[in-house]
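Descriptive analysis of the structure
The lines below spell out each chain.
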Amino acid sequence: MLLLSLRLRIEGSNIFLTGASSGIGAALAVSLTRRGARVAAVSRRSVSSVSVSVCADLGSGQERARAVEETLSALGRVDILINNAGIGVYAPSWRTPMNELREMFEVNFFAAVDLAQRLTPGMVERRSGMVVNIASIASKVTLPWFTLYSASKAALEAFTRGLRIELAGEGVGAMLVCPGYVRTNFQASVLGGKPPAKLVSGKRFAATAEDVAEAIADGIERDARTVLTPAIGWGLVAAARLAPGLVDARLRGMMEAAGDE
Ligand SMILES: NC(=O)c1ccc[n+]([C@@H]2O[C@H](COP(=O)([O-])OP(=O)(O)OC[C@H]3O[C@@H](n4cnc5c(N)ncnc54)[C@H](OP(=O)(O)O)[C@@H]3O)[C@@H](O)[C@H]2O)c1
């Protein structure tokens, strides 16, 4: 099988972007529009300064189908799907209510697969396109205050890796994005619980949504396999592989500082 190298240009592309009403998605909508894309922004709140804004709850299959339909009737085709919308739950895995777990997986994982299933066939037909999935560094290093969130992002990572190989001969790419700590409204929007105090106080070291958005847009144009940003996060990934006991102890220390777990 011939493995094509994909070089997608953002300029002139139609992009279906979820979660553009806040944080990384909002910064992405600005960056992609500035680079010449037509952006369809999909979230529960409406978004201004994009080509199309569709208000939809991505936790519902029917709403996802409607969002795709409205976008295709407005833009004609989708070249790039960016699954960015996501939510978390700060709670020990053994005490997380199952309804919150299901709601989180519906948005973080099932919505991403469903939207890819709806939009990838058109890309394959045109032999051009890309699916971009915003996971997290937590997909590579499980964060114990966020065990089930990490599980949902690890599922998204496995899906992205497999999809990239499945589509390699079809002219369609798949890119994984693993942001580290980013300054957004994410902590305030979780379904339940609160983050460890050390994480909150570390916010000043967090990346900006704008820097992450630029790294993602650059990654799309060079057909990156993975964008892990800020790159210092690779240090944590390597440490967790080489010295898992030490990293576990450090993470445990951060959890204890929360005084709850
Ligand atoms: N911030 C971080 O430190 C960090 C680190 C690693 C990974 N990430 C990931 O980056 C992505 C973006 O997060 P962020 O930090 O930018 O968070 P954010 O500021 O809270 O934005 C989350 C976005 O997701 C949308 N969303 C949530 N639930 C939705 C639903 N049911 N239906 C439709 N849209 C929904 C929200 O829109 P509405 O509320 O308008 O629906 C919002 O636009 C997420 O996947 C997150 O897991 C964030």
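Just above sits the structure.
This text gives an overview of the structure that appears in the document. (Residues numbered from 1 in each chain as written. Predicted model: local features only at pLDDT ≥ 70, side-chain atom pairs only at ≥ 80, totals over all residues. Heavy atoms only, no water.)

Section: the site of the ligand
Quick reminder of the rule: Any residue with a heavy atom positioned within 4 Å of a molecule or strand is treated as near that molecule or strand. Whenever a nitrogen or oxygen atom comes within 3.5 Å of another N or O atom, the pair is scored as a polar contact, on the condition that within protein one atom can donate a hydrogen and the other can accept it, and that pairs from neighbouring residues in sequence are kept only if both atoms are in side chains. For the accessible areas, the method is Shrake-Rupley and the probe is 1.4 Å, while residue cover comes only from the protein chains on display.
What surrounds the ligand is a group of 31 residues, the closest being S22, R44, N84, Y149 and T184. Take G19: an N or O atom from its main chain is 3.0 Å from an oxygen atom of the ligand. Within the contact set of the ligand, an oxygen atom lies 2.7 Å away from a side-chain nitrogen or oxygen of S21. Within the complex, 95% of the 880 Å² of free accessible area of the ligand lies under protein.

A few points about the pattern of salt bridges
This is how the line gets drawn: Salt bridges are identified by distance alone: a Lys or Arg side-chain nitrogen within 4 Å of an Asp or Glu carboxyl oxygen. Put simply, DSSP marks the helices as runs of H or I at least four residues long and the strands as runs of E at least two long, and each gets a number from the N terminus on. Three exposure classes are used, based on accessible area relative to the maximum for each residue type with a 1.4 Å probe and protein chains only: buried under 20%, partly exposed in between, and exposed over 50%.
Following the criterion strictly, the structure yields 15 salt bridges and no others. Residues E214 and R35 are paired through a salt bridge, measuring 2.7 Å at the closest nitrogen-oxygen approach. Of this pair, E214 sits in helix α6 (residues 209–221) while R35 sits in the loop between α1 (23–34) and β2 (38–43), placing them 179 residues apart in sequence. For R35, a relative accessible area of 22% corresponds to the partly exposed category. Linking R66 and E63 is a salt bridge whose minimum nitrogen-to-oxygen distance equals 3.3 Å. Taken as a pair, R66 and E63 lie in helix α2 (residues 61–75) at a separation of three residues, close to a single helical turn. Under the relative-accessibility criterion, E63 is labelled partly exposed at 26%. Through salt bridges with shared partners, a single ionic network connects R34, R35, E214, D218 and E221.

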